[in-house]
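# Survey of secondary and tertiary structure
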Amino acid sequence: MRTGLGGKSLIDLELGQSHKQIPIFPTHKITTGDIVGLDEYKKDKPNKKKGSSWSGVVLRVTDTRITLALSQDMDEDLPPEVQDRCQIVKLANNVTYERMIKGLEQLKINASDGSSRLAQVLLGQQKPATVDDDIPDLEFYDTTLNDSQKDAVRFALAAQDISLIHGPPGTGKTYTLVEIIRQLSVKQNKKVLVCGPSNISVDNLVERLARHRMNLVRVGHPARILPTVLEHSLDIITRTCDSGQIVADVRKEMDETLNKIGKSKNRTERRLLYGQIKELRKDYRVRERKVVDEVISGAQVVLSTLNGCGSRTMMKREFDIVIIDEATQALEAECWIALQKGKKAILAGDHLQLPPTIKTPTKIMKTNPKSNKKNGLSTNTDLSTTLFDRLLAMYGNSIKKMLVVQYRMHQKIMEFSSKELYDNLLIANDSVASHLLQDLPDVAATENTEVPVVMLDTSDTGLGHEITDEGDMADDQSKANELEVSLAVHHIEALLEDGLGQEQIGVITPYAAQVSRLIRDIRERWPHIEVGTVDGFQGREKEAILLSLVRSNDEGEVGFLQEKRRLNVAMTRAKRHLCVICDSETLAGNKGGNSTSSRVDGGFLKRWMNWLCDEADLRFSEFIVQ
């Protein structure tokens, strides 16, 4: 045990040492940032008490040690039986839920008493102020921004209430946001709160802003912040700033007292020392709270997850502008935790990529079509309808600017997505429009590296190749396809022979069962090739992407491949080379007389299959895998 962040007690846990070498943990799913319970371990005797005696956040995980930051104050020793043998159990995290509920309760008050114009605009009770067409020109910090990015920056700065920045794949949304933040905080001297639904999206912005030496602070538990941006975290700044030195001295005294406790054999003396720890901790918290207020009040930009905006540290903080990155991946209720701290909002994202993951089934509400709206709000939406979606439906393009120049994909890879989803407005920048794998250093010019899109079609076999993973516990059992695994392995071998590096290749699929089979055949041979689900790859990119679509059956069933937003993510991850492995007959709806996909997605999947057959380098499976 030792003292850690915020005066919390840190506990290191290791397996019992039967030898001099510390044993390695078996496979487990406990990761940094998880909330866990800590209890005495009794074999075959489950804990009768409801809940764990202690709980904490996992601060660090290695092969041999797990470090917890306890949530409770330790004013006495952990019982010897816990120190001797304990167990940790992953707990459900209800903090986010409670903060969302609390935020909605506060919203109800703010919207009804008219105290927040922004809340009323976002709820449709007032219309947003119109943005003048004659927006004054700006002196941009980033002179490399293209015209659509500059227009979006001007629009966001001129809007009085709300603006949406629509960033399709690869269009430099982050660079646009960084410019907006710099203009607001430095030139306009505004207090800016920047949020996102995940730690990764927030930390990405911290990295970009930190390059410009801005006065910023990242609020959040250090265990959940990327090591590369930890120096900008509230915890580190409060320790290293001038006013934090006194706090550091108190913390040092706490550590020394804890050390004395560890060495003392006298129970009375230990109790006295724990009394000192208690008093020191009170002093520590008073001083720390003062330093935290100074740091946050003095920062130009405060960055936090949406959930983190509901923490005690952020309570009663007010900002001029709230910016939400990846707003199309956030629950609306989560957005409101942050939005009530500002007078103006800027939301950025792409509503044509995947929405937040919703596990609760959608309930179709029976409503009178003439009365299903109240104050501009539809009453028959579900949790997957984001605030970004709802505002677009309510106010249209008058509050939105779209970025149109993309810097990721070859023009051919971009083509279908642009035509189908973005009104054919996307333009491939000259730097990427015609780039191919063969243009990379040490890569040979071959039939694979000189084409941007390849289709490996299994329909030539005339058979259905998908199987259902019976081990999957989900209601919609996961699917796999061994032929497509073989084709993926064959194509990877060819790309590597052509000179590509493993880290330049990604293999993605919509189905978890297929991920498992791909990992089985790829990981041991090529450990640096990334394999994952389409959903997990959102926001990511690779030079070459192999996409296994799995579905291949006589009935023409395509499952959730009917979700065009998932397909949009899948087809836009590749920079220079996209290889689609699929059964075109099944996916085009040409089997079993099944036209469900055409009804649900408007024929999107069928049109993509037809486009691939016409525009891709088409290869049939029987000529590849003998």
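Predicted, not measured: the structure shown is a model, and the values here were computed from it.

What follows concerns the overall build of the chain. A tally of helices and strands in the chain yields 18 helices and 25 strands. Out of the 626 residues in the chain, the part that is buried amounts to 51%. Considering only intrachain contacts with a sequence separation of at least 6, the fraction spanning at least 24 residues in the chain is 74%.

Bringing the sheet that holds strand β22 (residues 530-533) into the picture now. Strand order in this open sheet of six strands is β22-β21-β23-β24-β18-β25, and the pairing throughout is parallel. Two strands bound the open sheet, and with one partner strand each, they are β22 and β25 (617-620). Strand-to-strand twist across the sheet, computed as the mean angle between neighbouring axes with direction ignored, equals 20°. Most of the contacts of helix α12 (residues 411-421) go to strand β24 (residues 574-582), to which it runs at about 65°, and overall it touches β18 (453-457) and β24. On the sheet, helix α13 (residues 482-497) packs against β18, β21 (505-509), β23 (542-548), β24 and β25 and is oriented at approximately 150° with respect to β24.

We now examine unusual backbone geometry. Non-glycine residue D423 carries a positive phi angle of around 55°. Of note, D423 is situated in the loop between α12 and β17 (427-428).

Under the definition given, this model contains 30 salt bridges. We note a salt bridge from K343 to D320, for which the minimum N-O separation is 3.7 Å. Here K343 is found in the loop between α10 (332-339) and β12 (344-349), whereas its partner D320 is found in the loop between β10 (301-305) and β11 (321-324), with 23 residues between them in sequence. A relative accessible area of 56% places K343 in the exposed class. One salt bridge in this structure joins K412 and E615, with 2.9 Å as the shortest N-O distance. One end of the pair, K412, is in helix α12; the other, E615, is in helix α18 (residues 604-615), and 203 residues separate them in sequence.

As a further point, take helix α15 (residues 564-571). Here α15 lies mainly inside the structure; seven of its eight residues are buried. Along α15, the positions that sit buried rather than exposed are R565, R566, L567, N568, V569, A570 and M571. Here the buried face of α15 lies against α12, β21, β23, β24 and α18. In this structure E563 caps α15, since a side-chain oxygen of it lies 2.9 Å from the backbone nitrogen of R565.

Attention shifts here to the sheet that holds strand β2 (residues 9-13). Strand order in the open sheet made by the six strands is β1-β2-β5-β4-β3-β6, with antiparallel pairing throughout. Single-partner strands in this sheet number two, and they are β1 (2-3) and β6 (86-90). Pairing between β2 and strand β5 (residues 66-70): four bridges, direction antiparallel. From the neighbouring strand, L13 faces β5, where its bridge partner is I66.

Counting buried positions along strand β3 (residues 35-40) yields five of six residues, so the element is predominantly enclosed. Relative to strand β4 (residues 54-61), β3 is paired through four bridges, and the arrangement is antiparallel. Looking across to β4, one finds that L38 is bridged to W54. Here β3 pairs with β6 via five bridges, running antiparallel. Considered in β6, the bridge of D39 is made with Q87.

Among the nine residues that make up helix α11 (residues 387-395), seven are buried, leaving the element largely enclosed by the rest of the structure. Along α11, the residues classified as buried are L387, F388, D389, R390, L391, L392 and Y395. Two residues or fewer after α11 comes G396, characterised by a positive phi angle close to 70°.

So, about the environment of V247. Assignment of secondary structure puts V247 in helix α8 (residues 244-263). Linking V247 and V291, residues 44 residues apart in sequence, is a C-alpha distance of 8.4 Å. Sequence-distant contacts of V247, defined by excluding residues within four places in its chain, comprise Y284, R287, E288 and V291.

Let us look at the packing of aromatic side chains. Centre-to-centre distance and the angle between the planes together describe a pair of aromatic rings. Taken as a whole and judged by the stated rule, the model has three aromatic pairs. Summarising the aromatic geometry, the rings of F416 and W611 are spaced 6.0 Å apart at their centres and angled 50° between planes, so their arrangement reads as tilted. Of the two residues, F416 sits in helix α12 while W611 sits in helix α18, which places them 195 residues apart along the sequence. The exposure class assigned to F416 is buried, which follows from its relative accessible area of 4%. Three or more aromatic residues joined by ring pairs form one cluster here, namely F416, F604 and W611. The ring centre of F537 lies 4.7 Å from the NZ or CZ of R540, which sits over that ring.

Reading guide: rules and limits
- Residues numbered from 1 in each chain as written.
- Predicted model: local features only at pLDDT ≥ 70, side-chain atom pairs only at ≥ 80, totals over all residues.
- Heavy atoms only, no water.
- Helix = DSSP H or I, 4+ residues; strand = E, 2+ residues; numbered from the N terminus.
- Buried < 20%, exposed > 50% of the residue type's maximum accessible area, 1.4 Å probe, protein only.
- Contact = heavy atoms within 4.5 Å.
- Pairing = 2+ DSSP bridges.
- Axes fitted to C-alpha atoms, helices over the stretch in contact; angles between N-to-C directions.
- Salt bridge = Lys/Arg side-chain N within 4 Å of Asp/Glu carboxyl O.
- Polar contact = N/O pair within 3.5 Å; in protein donor to acceptor, adjacent residues only side chain to side chain.
- Phe/Tyr/Trp six-rings, centres within 6.5 Å; stacked < 30°, edge-to-face > 60°.
- Lys NZ or Arg CZ within 6 Å of the ring centre and 35° of its normal.

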